[in-house]
Amino acid sequence: MSHENSQHIVVVGTKPDIIKQAPIYHELKNRGHDVVLCHTGQHYDHNLSQSMLDEFGVREDVNLEVRGGVNDLVSGITAKLALYLRGFAERGGFPITYVHGDTTTAMAGALATFGERQALVHVEAGLRTLSPKPEVLRGWLDQGADLDWAAFREQSTDRTSWSKGSREPSPEQFNTRVADAGTDLHAAPVELNREFLVDEGFAPAAIDVVGNSVVDALAQAIAGSDKNQVLQKFPQMGDGSFLRFCVHRRENTTNRDRFNLLMDAMEALLEQGHHILFIRLLGTEAAIDNFGRRQWLEDLEARYGDALISTPVWDSYLDVVAAMSMCAVIVTDSGSIVEEANVLEVPCVTLRFGSDRSETFLAGSNFLAPPIDKALMTSVIHNVFEHRKELSWERVYPEGASRMLVDAVEKRLDEGSLLISEEWRYGLKAQLR
């Protein structure tokens with residue numbers, strides 16, 4: 001395999017894919033590689049797809065136009081992408097496919113390349129959830145509204161407080177494990193991801209810690225963003241007091257008890273005097289309607305006026321970044337937003353039972369508020385808000401991730417070892433007769 005006849009197929013399917021794959025696409029292009037941007041069609045709404053492509057200056061070369069539920073997406077992406085990649089190989093090329101993270105697109109993309117026995121680079125590999133040990137979680141639940149902040153903060157940053165084994169977020173934890181199983185180059189964001197992969201038996205030489213390309217995307221977004229555009233629409237955000245509250249994970253938005261608890265916690269925060277920017281994603285909107293919360297939300301908006309900004313997800317990532325940087329605390333069940341908060345130096349609270357970005361717990365930029373007890377959730381969020389000025393941490397994601405990732409790819413191409421084989425794993429390829 002060489003540089004000359006390699007085609008680099010950067011696959012995107014979701015909004016986070018576009019944000020994090022665009023810097024890698026540009027890095028490959030800038031180095032003169034033959035690059036194709038392949039969109040699976042998983043996200044197709046304008047504010048989740050085309051607006052992101054436009055803002056990051058990329059244009060899809062092919063769209064597989066796959067639609068439907070999870071199984072439809074998996075079968076459709078796998079079949080259509082495999083056929084597309086096969087065409088490169090039949091013309092004498094060597095396709096190198098880049099999939100990102102823990103999406104259905106990443107999982108199906110790995111199935112396609114594995115079946116074709118072609119090279120796969122897994123961007124943001126090794127995402128595994130850490131959750132609090134049972135005794136730790138029980139201790140927090142026992143405290144509830146009387147949470148001991150100092151002890152809670154100390155436990156949150158202590159690796160011994162956390163354990164592996166969670167299947168949440170779902171299906172993301174399934175997706176990332178399947179993608180890793182078919183990967184030739186695991187591009188891990190941090191050392192913790194490398195540790196997870198090595199513990200699971202993946203070849204250490206196939207893993208490179210290259211940072212997270214969200215840093216590159218954020219640098220571009222920060223340079224192009226204008227806080228005044230947000231303030232013109234929502235001037236009340238200028239005092240820096242708002243909590244950015246968003247819930248979209250399937251386990252939170254398809255579970256009536258969890259979703260109602262999360263909405264009740266948001267209402268309790270408003271009652272305490274907090275100001276909230278409530279971002280309604282597609283899953284959020286569906287849950288609001290499915291669980292009879294639409295009238296409740298309208299009443300809440302009328303009751304709290306300017307203290308509650310309730311809005312559908314925004315088209316502009318630049319505006320999203322500008323608004324996030326003005327918030328006091330980011331309260332979310334998203335994984336990507338947790339990363340962005342760490343870089344933007346805004347404290348974060350995760351509304352799940354754990355996180356696949358657990359490096360942010362250990363760094364002290366992110367705290368857990370599991371959706372099981374309203375008193376505990378509101379106590380964690382309120383304490384993070386009250387103590388936000390004393391919180392500080394080192395950024396866990398270094399600059400230059402796209403550069404480091406492409407360096408890793410080129411190094412393997414130079415060595416002829418991008419495709420994993422037993423000969424390569426034992427270092428015996430040069431001895432073959």
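Residues numbered from 1 in each chain as written. Predicted model: local features only at pLDDT ≥ 70, side-chain atom pairs only at ≥ 80, totals over all residues. Heavy atoms only, no water.

Chemist: Can you tell me about the overall build of the chain, naming the residues and giving the values?
Modeler: A count of helical and extended segments in the chain gives 20 helices and 15 strands. At 22 Å, the chain has a C-alpha radius of gyration in line with the 22 Å of a compact globule built from 433 residues. Reported as C-alpha extents along the three principal axes, the dimensions of the chain are approximately 75 × 45 × 40 Å. Across the 433 residues that make up the chain, the buried fraction comes to 59%. Excluding contacts between residues fewer than 6 apart, the proportion of contacts in the chain whose partners are at least 24 apart in sequence is 73%. (Helix = DSSP H or I, 4+ residues; strand = E, 2+ residues; numbered from the N terminus. Rg over C-alpha atoms; globule rule 2.2 N^0.38 Å. Buried < 20%, exposed > 50% of the residue type's maximum accessible area, 1.4 Å probe, protein only. Contact = heavy atoms within 4.5 Å.)

Chemist: Go over the UniProt feature "domain: UDP-N-acetylglucosamine 2-epimerase" (unreviewed entry) in the chain with me, naming the residues and quoting the values.
Modeler: UniProt tags residues 27–153 and 167–399 as "domain: UDP-N-acetylglucosamine 2-epimerase" (unreviewed entry). This span, residues 167–399, is 49% helix and 14% strand, and a straight line between its end C-alpha atoms measures 30 Å. (UniProt positions renumbered as here; feature names shortened; annotations may be inferred.)

Chemist: Any chance you could break down the nonpolar core for me, citing the residues and the numbers?
Modeler: Among the nonpolar cores identified, the biggest contains 109 residues, and Y98 and F245 are the most heavily contacted of them. Ranked by the residues each element gives to this core, the list is headed by helix α12 (residues 256–271), at eight residues. When near neighbours in sequence (up to four residues on either side) are disregarded, F245 contacts L262, M263, M266, L269, I276, L277, F278, I279, V331 and L351. (Core = buried A, V, L, I, M, F, W, Y, C linked by side-chain atoms within 4.5 Å.)

Chemist: Please provide a residue-by-residue account of the packing of aromatic side chains, values included.
Modeler: Aromatic ring pairs are described here by two measures, namely the spacing of the ring centres and the angle between the planes. Inspection of every chain in the model, using the stated rule, returns ten aromatic pairs. The interplanar angle of 10° and the centroid separation of 5.9 Å between the aromatic rings of F234 and W314 together place this pair among those described as stacked. Here the residue F234 occupies a position in the loop between α10 (227–233) and β10 (242–246), and W314 occupies one in the loop between β12 (308–312) and α15 (317–326), the gap between them amounting to 80 residues. Here W314 falls in the buried class, since its relative accessible area comes to 13%. Pairing F245 with F278 gives two aromatic rings, centres 6.2 Å apart and planes at 65°, and the pair type is edge-to-face. (Phe/Tyr/Trp six-rings, centres within 6.5 Å; stacked < 30°, edge-to-face > 60°.)

Chemist: Describe empty space enclosed by the protein, with residues and values.
Modeler: Under the definition given, this model contains three cavities of 30 Å³ or more. Volume-wise, the largest cavity comes out at about 80 Å³. Lining the largest cavity are I24, V123, E124, A187, P189, V210, G211, N212, S213, A401, S402 and L405. Sort the elements by how many residues they give to the lining of the largest cavity and helix α19 (residues 401–415) lands first, with three residues. Split into classes, the residues belonging to the lining of the largest cavity amount to seven nonpolar, four polar and one charged. Put simply, the second largest cavity is a space of about 40 Å³. Every residue along the wall of the second largest cavity is listed here: R244, L277, I279, V313, W314, V320 and A323. Residue composition of the lining of the second largest cavity, by class: six nonpolar, no polar and one charged. (1 Å grid on protein atoms, 1.4 Å probe; cavity = no way out; pocket = protein on both sides within 12 Å on 5 of 7 lines; lining within 4 Å. Points joined across faces, edges and corners; volume = space filled by probe spheres on them. Nonpolar A, V, L, I, M, F, W, Y, C, P; charged D, E, K, R; others polar.)

Chemist: Which residues make up the environment of N252, and what values do they have?
Modeler: Here N252 lies in helix α11 (residues 250–253). Counting along the chain gives 50 residues from N252 to F202, while the straight-line C-alpha distance between them is 32 Å. With residues up to four places along the chain from it excluded, the contact list for N252 reads V247, R258, F259, L262, D333, L351, R352 and P371. A polar side-chain atom of N252 sits 3.1 Å from a polar atom in the side chain of D333. At 3.1 Å, the side chain of N252 and the backbone oxygen of L351 are in polar contact. (Polar contact = N/O pair within 3.5 Å; in protein donor to acceptor, adjacent residues only side chain to side chain.)

Chemist: Just give me the short version of the sheet that holds strand β11 (residues 275–280), but keep the residues and values in it.
Modeler: The parallel open sheet is built from six strands, whose spatial order is β12-β11-β10-β13-β14-β15. Taken across any chain shown, the strands that pair with only one partner, and hence form the sheet edges, are β12 and β15 (366–368). Strand-to-strand, the axes of this sheet are offset by a mean angle of 20°, without reference to chain direction. The sheet contact formed by β10 and β11 spans five bridges and is parallel. Each bridged residue has a counterpart across the sheet, and for L243 the counterpart in β11 is I276. Along the sheet, helix α14 (residues 294–304) makes contact with β11 and β12, crossing β12 at roughly 140°. (Pairing = 2+ DSSP bridges. Axes fitted to C-alpha atoms, helices over the stretch in contact; angles between N-to-C directions.)

Chemist: Lay out helix α9 (residues 214–224) in plain terms, naming residues and giving numbers.
Modeler: Because the α-helix completes a turn every 3.6 residues, residues three or four places apart line up on one side. All of the buried residues in α9 are V214, V215, A217, L218 and A221. Angularly, the buried residues of α9 cover 155° about the axis, an arc narrow enough to put them on a single face. Looking at the packing, one finds that the buried side of α9 touches α1 (15–30), α15 and α16 (336–344). (Arc of directions from axis to C-beta.)

Chemist: Could you give me a rundown of the pairing of β10, with the residues and numbers involved?
Modeler: The element β10 is largely enclosed, with a buried count of five among its five residues. Here β10 shows no split at all, with F242, R244 and C246 on one side and L243 and F245 on the other all buried.

Chemist: I'd like to hear about the layout of surface pockets, residue by residue, with values.
Modeler: There is about 160 Å³ of room inside the second largest pocket. Forming the boundary of the second largest pocket are 13 residues, of which A181, G182, T183, D184 and I420 lie nearest the centre. Each residue belonging to the lining of the second largest pocket can be placed in one class, and the counts come to six nonpolar, four polar and three charged.

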